[in-house]
Amino acid sequence: MRFRTEKERMTDTSVFHGKTAKYMTLGCKLNFSETATFARTLYNMGVGEANAGEAADICLINTCSVTEMADHKCRQQIHKMVRENPGAVVVVTGCYAQLKSEEIAQIPGVSLVLGSNEKAHLVEYLLQAMQAREADPIAFATSCEGHPAFHHAEKTKDIHSFQLSCSRGNRTRYFLKVQDGCNYFCTYCTIPMARGRSRSGTIESLVAQAREVAAEGGKEIVITGVNIGDFGKNTGERFIDLLRAFDEIKEIERYRISSIEPDLLTDEIIEFCAQSRAFMPHFHIPLQCGSDAVLKLMHRHYDTALFAHKIERIRALIPDCYVGVDVMVGSRGETPEYFEESYRFIESLDMQHLHVFPYSERPGTMALRIPYIVSDKEKKERVARMMQLSDTQERRYIERYIGTVRPVLFEQPHGDAPMHGFTDNYIRVNIPPCEALVNRVADVRLLRICDDLSVDAEVITDFHSQTTTE
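Residues numbered from 1 in each chain as written. Predicted model: local features only at pLDDT ≥ 70, side-chain atom pairs only at ≥ 80, totals over all residues. Heavy atoms only, no water.

Regarding the confidence of the model for the protein
A low pLDDT means the predicted coordinates there should not be read in detail.
Working step 1: The predicted model of the protein has a mean per-residue pLDDT of 90, with 93% of residues at 70 or higher.
Working step 2: Predicted confidence is poor over residues 1-10, with pLDDT under 50, and the contacts of this stretch with residues over four places away or in other chains come to ten contacts.
Working step 3: Here residues 465-470 is a poorly scored stretch, pLDDT under 50, and it has 13 contacts once near neighbours within four places are set aside; other chains count. (pLDDT = per-residue confidence, 0-100. Contact = heavy atoms within 4.5 Å.)

If you want it as structure tokens, here you go:
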């Protein structure tokens with residue numbers, strides 16, 4: 001009798017055949033993109049998705065750690081997954097796993113904790129765990145309950161791997177990861193500690209991934225990453241050249257840039273998007289605060305004058321452009337006077353939407369050295385004021401387009417609920433459900449604004465694209 005070699009054992013994926021999995025993603029679009037790639041890889045190895053109410057063989061939780069509340073939600077979801085899936089191989093990865101791997105490893109029922117470098121090798125780690133579970137299920141379950149899970153998280157300086165990932169989910173838009181990590185060390189942020197330094201895929205590999213999306217019938221790609229404007233630090237390539245390469249893929253009708261730092265949003269990029277074939281009139285730009293004094297405390301790489309210039313440049317070249325802005329309120333050092341300064345600056349911008357969130361204390365960040373602390377009550381009041389400003393600005397923008405005709409890419413409807421889609425300039429529209437329109441671009445007339453700032457519309461032309469979804 002011949003015993004299998006270690007190499008043979010580690011390449012035998014038959015242990016996955018017929019197994020089921022559950023996936024939980026917390027946090028950003030980047031995490032969703034990564035989870036979708038894990039799920040697709042396991043599906044190709046014979047792992048199906050568990051039905052609702054059914055215990056799974058594998059549970060994957062891809063975590064976030066941007067705030068203390070995010071950490072709390074991660075712990076809740078880990079405990080829930082363990083409780084609802086007894087005996088499963090429970091894998092925890094993502095930012096929380098990188099920052100708190102030993103803490104998570106102590107949670108009974110967790111099998112593997114993989115940091116930012118290790119998740120690129122998730123299948124190999126999972127294969128070993130599944131083989132151990134298959135060999136002796138009782139011993140495996142006992143080990144997970146009574147001993148710390150296997151955990152590994154490289155030090156931040158040693159995180160070098162970049163994993164291509166792309167997600168679709170239930171929508172027609174694909175989220176393509178082009179970059180990971182960050183070389184900016186803003187005083188409030190743990191991302192460089194959680195994801196490591198900036199690194200990217202090559203233009204060649206990312207164009208190949210985009211062509212795969214096109215082959216699947218995808219019409220829109222959202223370009224994602226941690227700091228995508230920093231693309232190419234490890235490859236010697238430039239973000240603008242990646243955009244040009246994407247624009248050449250004629251089968252992809254739409255691209256959106258998910259979020260780009262104002263100091264990295266060059267005039268060259270704005271000018272390119274203004275005349276490109278497929279890049280939509282839509283930018284999302286992190287501001288964080290409209291006070292120069294607070295921006296200095298945050299160690300941001302720009303001031304309000306530069307930010308205002310970017311908005312003005314966008315508006316001059318792309319008049320219809322929808323501009324979203326990230327704003328953090330209540331950060332250390334943001335006195336009432338600085339907040340009012342920030343509010344007035346943001347109010348003066350020709351922007352359409354604010355993504356507002358309160359500052360959260362994060363262990364290990366330099367912000368903890370800043371003496372002025374904003375109370376939770378004051379943070380909530382500031383969030384409310386900014387959200388009201390956002391609603392006012394967005395409604396004013398949408399009103400400009402009532403009665404006009406815009407192209408919309410329609411998403412999969414859910415039952416008899418209205419069907420949704422987004423115009424080129426990112427106005428969300430509603431029409432009665434129509435399966436024939438799924439993943440197609442059609443011209444619509446915008447009719448009326450709804451309470452949730454979506455717009456009821458009517459389809460007025462045939463489809464721009466006759467390619468159906470596979």
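Once you've had a look at it, read on.
Observations concerning the pairing of strand β18 (residues 428-431)
Working step 1: Here four bridges tie strand β17 (residues 419-423) to β18, and the two strands are oriented antiparallel to one another. Residue Phe422 lies in a different strand from β18, and its bridge partner there is Arg428.
Working step 2: Here β17 folds back onto β18 in antiparallel fashion, the turn holding four residues, of which Tyr426 has a positive phi close to 65°. (Pairing = 2+ DSSP bridges. Helix = DSSP H or I, 4+ residues; strand = E, 2+ residues; numbered from the N terminus.)

As for unusual backbone geometry
Working step 1: A positive phi angle, close to 75°, is found at Gln288, a residue other than glycine.
Working step 2: One non-glycine residue with positive phi stands out, namely Asn439, at about 60°.
Working step 3: Along the chain, Asn439 falls in the loop between β18 and β19 (441-449).
Working step 4: Residue Asn439 is classed as buried on the basis of its relative accessible area, which comes to 0%. (Buried < 20%, exposed > 50% of the residue type's maximum accessible area, 1.4 Å probe, protein only.)

Here's the deal with the side chain of Asn425
Working step 1: By secondary structure assignment, the location of Asn425 is in the loop between β17 and β18.
Working step 2: Among the polar contacts listed, one links the side chain of Asn425 to the side chain of Thr423, at a separation of 2.6 Å.
Working step 3: In this structure Asn425 touches Pro281, Asp320, Tyr322, Tyr397, Tyr401 and Arg406, once residues within four positions along its chain are discounted. (Polar contact = N/O pair within 3.5 Å; in protein donor to acceptor, adjacent residues only side chain to side chain.)

A look at the packing of helix α11 (residues 267-275) against helix α13 (residues 304-317)
Working step 1: For the pair α11 and α13, the least separation of the axes is 10 Å and the interaxial angle reads 20°. Taken together, the axes of α11 and α13 are roughly parallel relative to one another. As for the relative orientation of α11 and α13, their crossing is right-handed in sense. Residues Asp267, Ile270, Glu271 and Ala274 of α11 form the contact with α13, whose participating residues are His309, Lys310, Arg313, Ile314 and Leu317.
Working step 2: Of the residues contributing to the contact of α11 with α13, the split by class is four nonpolar, one polar and four charged. (Axes fitted to C-alpha atoms, helices over the stretch in contact; angles between N-to-C directions. Parallel < 35°, antiparallel > 145°, perpendicular 65-115°, else oblique. Left-handed = near helix turned anticlockwise from the far one by under 90°. Nonpolar A, V, L, I, M, F, W, Y, C, P; charged D, E, K, R; others polar.)

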